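These are the residues of each chain, in order.
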Amino acid sequence: MEEIKNIVQLLIKEKSWQELKRELLHLEPFHIAELISVIDSREQIIIFRLLGHKQAKNVFKYLGIKEQEDIINSLADNVKLLTGLLNDLDPDDRTALFEELPGEVSQKLIQLLSNKERNIANQLLGYPKDSVGRLMTTDFVAVKPNFTVEEALQHIRKFGQDSETLDVIYIVDDNWKLVSDLRIKELLLANPDIPMHSLAKHHAISLSVFDDQEHAAQSFAKYGRTALPVTDSTGILLGIITVDDVFDVQERENTEDFQKFGGIEGLDLSYKKTSLLKLVKKRAGWLVILFFSEMLTASAMGYYDNEISKAVVLALFVPLIISSGGNSGSQAASLIIRSLALGDLNLKSWWYVMRKEILSGLMLGAILGAIGFIRILVWQFTGFYDYGPYWVWVGISVAFSLVFIVLWGTLSGSMIPFVLKRIGLDPATASAPFVATLVDVTGLVIYFSVAAVFLTGKLL
């Protein structure tokens, strides 16, 4: 890419427009879009204006929102070119663009569309924001059940030019109700004289126009399809979704979940395109909440100030205790959130998860408790540190505390995502810092309570 970038910039500097145009003709749309993203805005506009009609459309859909906005703004003085570009865009790509632009800008651009495309744009934008309806395209090919295979192929040749994909052909009745779908391979290999309904051996798997986009992504993974039809509540075929649109959804959702799990509000744009103030705003909220939550840790320590003053040795293990609980909670939360996202678990799985996490929590706690006790024993007998005459009871207190705290951490980390999902919130909001902070505070209470049981009458 660096070599291509240098060649293109040299041709722009020399104003060798014809040679530059020939150079761009040999590049794939994706590579041109990648090139546009790494050069300055003036060079971006020059390159885009040199692209052919079809090439410009294909390049535009691979551009980021920021580059798309810059291109749109640069074409404001060329209404004809801008109108052609917007009308030629696939409906789903155009909808994605309009969603990101300010409302007033989108409305102005919609007015440039032809009556047909304007109706399509308004229809798609009328569906809920994260619904399948916003993601679908109305460019597809459908045939009637009474068509012969030969008639169907002629129909495809006539109307398939603008279709988003021809991998799958849809069979609809006279009211456009979806009957079945057929892979193009099956159609090409079939006898030309047989009717389409004889090839319709199954009912088509479809999505509702109001389904969540994440559900669409799960359906593609489940059924291994390259395209899925979208219907209304009565089964009328409205459009299709292709797998490339789903990849975009998955990438966006995975990024947002990852950011939330790290204790950050989801970024609307990439890190490089997010302003400093916006970045601070997205991060400050959670940090403030977690800061106030951590104050409870100090309060808990203050509550047990008398015990600490009598047995200072207890304070040595506070970092060990609270980090073990927080780490176990973060582990559990990570596993459950990802499983919920993949559909491996659902709300009804909570009891199964709880039973499993109780056992795993006890086992993990026992492992860490044993290591903690052995560490105290080794330090005591090697002279690294003298824990006093009651070192055995100190070791027992630490060991049992770790068992209970790790158990509590795994239960908290695994159950919080279920609670959030049950009340309608994103399970990814159960961020690692949030779980860790919760377990930190309660872990101290558990630790000093266990220590009080074993050390009362000895150190306490």
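Conventions used here
- Residues numbered from 1 in each chain as written.
- Predicted model: local features only at pLDDT ≥ 70, side-chain atom pairs only at ≥ 80, totals over all residues.
- Heavy atoms only, no water.
- Helix = DSSP H or I, 4+ residues; strand = E, 2+ residues; numbered from the N terminus.
- Buried < 20%, exposed > 50% of the residue type's maximum accessible area, 1.4 Å probe, protein only.
- Contact = heavy atoms within 4.5 Å.
- Areas by Shrake-Rupley, 256 points an atom, 1.4 Å probe, with all protein chains shown as cover.
- Core = buried A, V, L, I, M, F, W, Y, C linked by side-chain atoms within 4.5 Å.
- Phe/Tyr/Trp six-rings, centres within 6.5 Å; stacked < 30°, edge-to-face > 60°.
- Lys NZ or Arg CZ within 6 Å of the ring centre and 35° of its normal.
- Salt bridge = Lys/Arg side-chain N within 4 Å of Asp/Glu carboxyl O.
- Patch = residues over 30% accessible without salt bridge, like charges linked within 9 Å, V, L, I, M, F, W, Y side chains within 5 Å.
- Pairing = 2+ DSSP bridges.

> Kindly report on the overall build of the protein chain, identifying the contributing residues and their values.
On a plain count of helices and strands, the protein chain comes out with 21 helices and six strands. When each of the 460 residues of the protein chain is scored for burial, the buried share is 45%. For the protein chain, contacts bridging at least 24 residues in sequence account for 67% of all contacts bridging at least 6. Working note: accessible area of the protein chain is about 24500 Å², and carbon and sulfur atoms make up 60% of it.

> Could you give an account of the environment of Leu 459, naming the residues involved and the relevant values?
Mapped onto the elements, Leu 459 comes out in the segment after helix H21 (432–455). For Leu 459 and Trp 393, which are 66 residues apart along the polypeptide, the C-alpha to C-alpha distance reads 9.3 Å.

> Account for the nonpolar core, naming residues and giving values.
The nonpolar side chains of a soluble globular protein tend to be buried with one another. By size, the foremost hydrophobic cluster in this structure holds 35 residues, and its most contacted members are Leu 20, Ile 47, Phe 48, Phe 60, Leu 86 and Phe 98. Among the elements that make up this core, the one with the highest residue count is helix H4 (residues 41–50) (five residues). Dropping the residues within four chain positions of it, Leu 86 is found in contact with Ile 72, Arg 94, Leu 97, Phe 98, Leu 109, Leu 112 and Leu 113. Among the nonpolar cores identified, the runner-up in size contains 24 residues, and Val 318, Ile 376, Leu 402 and Leu 420 belong to it.

> Could you give an account of helix H8 (residues 91–100), with specific residues and numbers?
Taken across its 10 residues, H8 has seven buried, putting it largely inside the fold. Among the residues of H8, those classed as buried are Pro 91, Asp 92, Asp 93, Arg 94, Thr 95, Leu 97 and Phe 98.

> An account of the packing of aromatic side chains is requested, with residue identities and associated values reported.
Evaluation of the coordinates by the stated rule reveals 11 aromatic pairs. Here Tyr 447 and Phe 448 contribute two aromatic rings whose centre-to-centre distance is 5.1 Å and whose plane-to-plane angle is 45°, an arrangement assigned as tilted. Relative accessible area serves as the criterion here: at 0%, Tyr 447 is assigned to the buried category. By way of ring pairs, the aromatic residues Phe 140, Tyr 170 and Trp 176 are connected into one cluster. Residue placement shows Arg 375 over the ring face of Trp 379; its charged tip is 4.4 Å from the ring centre.

> Report on unusual backbone geometry, specifying residues and quantitative values.
Not every positive phi belongs to a glycine, and Trp 176 is a case in point at roughly 65°. Along the chain, Trp 176 turns up in the loop between strand E2 (168–172) and strand E3 (178–183).

> Please provide a residue-by-residue account of the pattern of salt bridges, values included.
This structure, assessed with the given rule, holds three salt bridges. The salt bridge partner of Arg 94 is Glu 117, with a shortest N-O separation of 2.6 Å. Separated by 23 residues along the polypeptide, Arg 94 in helix H8 and Glu 117 in helix H10 (residues 115–125) bring together distant segments of the chain. Both residues of the pair, Arg 94 and Glu 117, count as buried.

> Would you mind going over a nonpolar patch on the surface in detail, with residue names and values included?
Taken together, the side chains of Leu 364, Ile 367, Leu 368 and Ile 371 make up a nonpolar region of the molecular surface, amounting to roughly 340 Å² of accessible area. Inspection of the secondary structure assignment puts Ile 367 in helix H19 (residues 350–382).

> Just give me the short version of the side chain of Gln 55, but keep the residues and values in it.
With respect to the secondary-structure elements, Gln 55 resides in helix H5 (residues 53–60). Here Gln 55 falls in the buried class, since its relative accessible area comes to 14%. Apart from the residues lying within four places of it in its own chain, the contact partners of Gln 55 are Leu 24, Leu 25, Leu 27 and Ile 32.

> So what's going on with the sheet that holds strand E4 (residues 207–208)? Which residues, and what values?
Taken together, the three strands give an open sheet; going across it, the order is E4-E5-E6, and neighbouring strands pair in mixed fashion. Only two strands of the sheet have a single neighbouring strand rather than two, namely E4 and strand E6 (237–242). The sheet contact formed by E4 and strand E5 (residues 227–231) spans two bridges and is parallel. Its bridge partner being in E5, Ser 208 is matched across the sheet by Thr 231.

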